[in-house]
Amino acid sequence: MAAVELSKAKVFEEPTTEKHELHRSINWTGAFWVASGVPALVLFSIGGIAATIGAPSWLVWTLSVIMGFLQSFTYAEIAGLFPNKSGGASVYGAIAWVRYNKFVAPLSTWCNWYAWSPVLSIGTGIAAGYILKALFPAKSIINSWQITLLDLNWLKEGLSLRINATFIIAAILLLCIFSAQHYGILRAARIQMIMAVASLLPLILIGVVPLFTGDVLKSNFLPFAPISGAWNLEGWTLFFGGMFIAAWSTYGFETAVCYTREFKNPETDTYKAILYSGLLCMFVFIIVPLSFQGVLGVKGMVEQGIVDGSGVAQAMAGMVGSGAFISGLMVIMLILALLLAIMTSMAGSARTLYQASVDGWLPKYLSKVNKHGAPTNAMWTDLTFNLILLLMSDYLFVLAISNCGYIIFNFLNLNSGWIHRIDNAHVKRPWSAPTWLIGVNTVLAFLNLVFMGVGANVWGKGTLLSGLVFAALIIPVFMYRHFVTDGGRYPDAMLEDLQMEKGQPMEKRAGMLPHLTLVAGIIVLVVSNLLVS
């Protein structure tokens, strides 16, 4: 018995720096503070959704965050099955799929990564725009000069790769954030706690103050119809397009379970982290869009500065007070909120790359960890990828493409909940979601595909195809790692997660159900897209 207790103790003791592994250094509150950057994602697309959907935009945000909250309970359950893994829900869900299809498992982690990673470029791009607007006149040379590197008009009208002042400032911000993450999750969590206290306050004030001052006007919600004018096919297409793009922000608190391998007590910390992060997001994603629309109205929300994000900070600052000092202070605090979201993304997406490498799905170099327990090679990869994205002239198009990956990830992982229930029924679950909720979330998985099929191209012709093509890029990457580097065999750690010994076949208790689910998902996506083509 003493030997068993000793063995258990070793599992949770702090690794030595010589091993260069992720460190068990935070509890659920640390993960909560790391995930506290998610509410700031409302700043990324609140203008775009409002300008595209019109009066029902507040309902889009409300329904979307409720869906995200329900879905998070599936993720909380499957995260508890793997206390020694990092990387988040996509990694835990991929374990369910790998028994049935080798290529679906890496698709899950890849799609989750390329959905989260662009937060770095989009967030720093918006923050850089705020900084330039605060420091220089709108018509100054520094705001207008640019060097066009490549014309991408063939992909989307007006799209190009360019270098300008926004790119330069955003790149500097990215490097600063990288430096903060370099010293491990504990220090990053402490930094983010300070930033969260400073930056979440304006979001809460923006949501609450107008409700008490009487600035939220009922007339700004009427007539309750999409901007197209009627609830016809075009109107519902716009509404579904809003549900599609809002998911990129409102579902994001699932990143709270990215740090299971770094929790001091993963059995209890995991579900607490995602539950309390979800409650915070429920509040912000409902109250902020409601007040935003109630004050500005549809007419104010369709202005160019609101649509492209450059004027969102100033508009929100005006909602809580007048005067240059208050406006400047609010802009600074909203910039901090954006930087908080970027830190959240870098921490989560880098760990997804790291764990996918450890599990044998992505190149081996990504599994390197420095002496502080930070996955530095994965972080450098994230940084390089986002410097390229920063060159793009249309951030909203980048967001829409990345969200195709996010919807695919959610579909696969919501279904992994019931697959784990069948294949791993014998494994102890620190926390279990109600069975009826697992069923509801399975239905929501297919509903998300409808949102993508109907609404993706609302954000630009070719968005859906571009997103699917980018998702498919994982196939050759995985094939090289698995069949060339590893000789067609998974790493030992991965085999342990599958609860199989070397050379032993994997048990597939779910039979054909996972395959039928994939086929059904493809049919739903294709049919929903054809309905609006």
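Refer to the preceding data block for the structure.
Residues numbered from 1 in each chain as written. Predicted model: local features only at pLDDT ≥ 70, side-chain atom pairs only at ≥ 80, totals over all residues. Heavy atoms only, no water.

Observations concerning the overall build of the protein chain
Scanning the protein chain from terminus to terminus reveals 22 helices and two strands. Taking contacts inside the protein chain between residues at least 6 apart in sequence as the whole, the part at least 24 apart equals 82%. Approximately 20600 Å² of the protein chain is accessible, and the part contributed by carbon and sulfur atoms is 68%. (Helix = DSSP H or I, 4+ residues; strand = E, 2+ residues; numbered from the N terminus. Contact = heavy atoms within 4.5 Å. Areas by Shrake-Rupley, 256 points an atom, 1.4 Å probe, with all protein chains shown as cover.)

Some points on the environment of Gln71
Structurally, Gln71 is set in helix 4 (residues 57-79). For Gln71, a relative accessible area of 1% puts it in the buried group. With 366 residues separating them in the primary sequence, Gln71 and Leu437 have C-alpha atoms 8.3 Å apart. Residue contacts for Gln71: discarding those within four places in its chain leaves Tyr251, Asn410, Leu414, Asn441, Leu444 and Asn448. Looking at Gln71, its side chain comes within polar contact range of the side chain of Asn448, at 3.1 Å. (Buried < 20%, exposed > 50% of the residue type's maximum accessible area, 1.4 Å probe, protein only. Polar contact = N/O pair within 3.5 Å; in protein donor to acceptor, adjacent residues only side chain to side chain.)

Quick word on empty space enclosed by the protein
The gaps left among the atoms become clear once a water-sized probe is rolled over them. Enumeration over the complete set of coordinates arrives at one cavity of 30 Å³ or more. Of the pockets and cavities examined, the largest cavity occupies roughly 40 Å³. Taken together, Ala115, Trp116, Val119, Trp248 and Tyr406 form the lining of the largest cavity. Here the residues of the lining of the largest cavity are counted per class, giving five nonpolar, no polar and no charged. (1 Å grid on protein atoms, 1.4 Å probe; cavity = no way out; pocket = protein on both sides within 12 Å on 5 of 7 lines; lining within 4 Å. Points joined across faces, edges and corners; volume = space filled by probe spheres on them. Nonpolar A, V, L, I, M, F, W, Y, C, P; charged D, E, K, R; others polar.)

Details of the nonpolar core
Counting 152 residues, the largest nonpolar core has Leu43, Phe44, Phe244, Met316, Trp361 and Met452 as the members making the most contacts within it. For this core, the element with the most residues is helix 17 (residues 395-423), which contributes 16 residues. Once you skip the residues sitting within four places of it in the chain, Trp361 turns out to touch Val91, Ala94, Ile95, Ala105, Pro106, Thr109, Ala356, Phe478, Arg481, Tyr490 and Met494. (Core = buried A, V, L, I, M, F, W, Y, C linked by side-chain atoms within 4.5 Å.)

Points about the pairing of strand 2 (residues 160-164)
In the case of a regular strand, side chains alternate between the two sheet surfaces. Counting buried positions along strand 2 yields four of five residues, so the element is predominantly enclosed. Pairing geometry for strand 1 (residues 146-151) and strand 2, over five bridges, is antiparallel. Each bridged residue has a counterpart across the sheet, and for Gln146 the counterpart in strand 2 is Asn164. (Pairing = 2+ DSSP bridges.)

What to know about the packing of aromatic side chains
Enumeration according to the criterion identifies 20 aromatic pairs in this entry. Note on Trp236 and Phe240: the rings are 6.1 Å apart at their centroids and 80 degrees apart in plane angle, and the pair reads as edge-to-face. A residue pair is termed a helical-turn pair when its members lie 3 or 4 positions apart in one helix, as Trp236 and Phe240 do in helix 11 (residues 233-250) at four residues. Overall, the relative accessible area of 40% leaves Trp236 in the partly exposed class. Ring geometry for Phe385 and Phe470: centres 6.1 Å apart, planes at 45 degrees, overall tilted. One end of the pair, Phe385, is in helix 16 (residues 376-390); the other, Phe470, is in helix 19 (residues 463-472), and 85 residues separate them in sequence. Accessibility expressed as a relative area gives 17% for Phe385, which makes it buried. Through a chain of ring-to-ring contacts, the aromatic side chains of Trp58, Phe221, Phe224, Trp231, Trp236, Phe239, Phe240 and Phe451 assemble into a single cluster. (Phe/Tyr/Trp six-rings, centres within 6.5 Å; stacked < 30°, edge-to-face > 60°.)

Section: helix 4
Helix length check: helix 4, at 23 residues, gives a terminal C-alpha distance of 32 Å against a target of 33 Å (1.5 Å per residue), a fit within 8%. Counting buried residues in helix 4 gives 18 out of 23 residues, a clear majority hidden from the surface. (Expected span 1.5 Å × (residues − 1).)

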